[in-house]
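# Results of the structural survey
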Amino acid sequence: MDRNLIFDYTKELIGTGILLIVLISLRVLTTKLVKRYAKSSHTLEHRTNLVIKYIHLFTNILAFISLVLIWGVQTKDIFIALSSITTVVGVAMFAQWSILSNITSGIILFFSFPFKIGDIIKIHDKDFPFEAEIEDIGAFHVYLKTLDGEKVIYPNNLLLQKGISIMKNHFDDKEFID
């Protein structure tokens, strides 16, 4: 009986095996590519690990969806489950939109890196303009230190929305050594 069961699901088992091999290969490849990019752009390791974690989460979600398709879950069952999940997640995301926006902004800042840790920037805010040195760039916030020594935690999404001038680049005073 068990032998017939295996033969009945041969295509699904082979598809699942191929999917796992592709998933593992994709995770290893993306990790190497992001780390190589981070090394060439002199990005900090903890920021690199955050981006890798987000990419792995995205690939795992795609693998789960592929697994559902491979095993042939009924379309009507998928739509019922997805509509229920989407409703709950939609309400949660609407309530937490700023968190999602800050995570996305953190990833954009990682890859576009218009400024780095150690740079002194001027934020052109109509109500509260100020100059500060970037001490750290996290997943949600950028940690700044003003010229007066005040510590400011600034959301990543606002850095992409406000005009910013780089007053002094981190590498201006140092000779770059590879």
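What you are looking at is a predicted structure, and each value in this text was computed from that prediction instead of being measured. (Residues numbered from 1 in each chain as written. Predicted model: local features only at pLDDT ≥ 70, side-chain atom pairs only at ≥ 80, totals over all residues. Heavy atoms only, no water.)

## Topic: the overall build of the protein
The helix and strand inventory of the protein stands at six helices and five strands. Shown N-terminal to C-terminal, the secondary structure of the protein runs as helices and strands in the order α-α-α-α-α-β-β-β-β-α-β. Residue burial in the protein is summarised as follows: out of 178 residues, 27% are buried. A sequence separation of at least 24 residues applies to 56% of the contacts in the protein between residues at least 6 apart. (Helix = DSSP H or I, 4+ residues; strand = E, 2+ residues; numbered from the N terminus. Buried < 20%, exposed > 50% of the residue type's maximum accessible area, 1.4 Å probe, protein only. Contact = heavy atoms within 4.5 Å.)

## Side note on the nonpolar core
Judged by nonpolar contacts, the single largest core of 13 residues is most densely connected at L144 and L159. Elements supplying a minimum of two residues to this core: β1 (120-124), β2 (130-137), β3 (141-146) and β4 (151-155). Looking at this core, the element that brings in the most residues is β2, giving four residues. Among all residues touching L144, those that are not within four sequence positions of it are I121, I123, F130, A132, E133, I134, E135, E150, K151, V152 and Y154. Of all hydrophobic cores here, the second largest spans five residues; its members include V34, V51, I52 and F110. (Core = buried A, V, L, I, M, F, W, Y, C linked by side-chain atoms within 4.5 Å.)

## Considering the confidence of the model for the protein
Averaged over all residues, the pLDDT of the protein equals 81, while 85% of them reach at least 70. Of the regions scoring below 50 in pLDDT, residues 174-178 engages in two contacts with residues more than four places distant in sequence or in other chains. (pLDDT = per-residue confidence, 0-100.)

## Comments concerning the sheet that holds strand β5 (residues 163-168)
Taking strand neighbours across the sheet as the criterion, the five strands line up as β4-β3-β2-β1-β5 in an open arrangement whose pairing is antiparallel. Edge positions in the sheet fall to β4 and β5, since each has one partner strand and no second. Each adjacent strand pair in this sheet contributes to an overall mean axis angle of 40 degrees, direction not counted. Pairing between β2 and β3: five bridges, direction antiparallel. Residue pairing across strands places I137 opposite V142, the latter belonging to β3. (Pairing = 2+ DSSP bridges. Axes fitted to C-alpha atoms, helices over the stretch in contact; angles between N-to-C directions.)

## Things to note about the packing of aromatic side chains
Scanning the entire structure with this criterion turns up three aromatic pairs. Residues F128 and F130 carry aromatic rings whose centres are separated by 5.2 Å and whose planes lie at 45 degrees to one another, so their mutual orientation is tilted. Assessed through its relative accessible area of 47%, F128 is described here as partly exposed. One aromatic cluster is present, formed by F128, F130 and Y154 through successive ring pairs. (Phe/Tyr/Trp six-rings, centres within 6.5 Å; stacked < 30°, edge-to-face > 60°.)

## Here's the deal with a nonpolar patch on the surface
Taken together, the side chains of L57, F58, I61, L62, F64, I65 and L69 present a nonpolar region at the surface, about 730 Å² in accessible area. Following the sequence through the fold, F58 ends up in helix α3 (residues 45-70). (Patch = residues over 30% accessible without salt bridge, like charges linked within 9 Å, V, L, I, M, F, W, Y side chains within 5 Å. Areas by Shrake-Rupley, 256 points an atom, 1.4 Å probe, with all protein chains shown as cover. Salt bridge = Lys/Arg side-chain N within 4 Å of Asp/Glu carboxyl O.)

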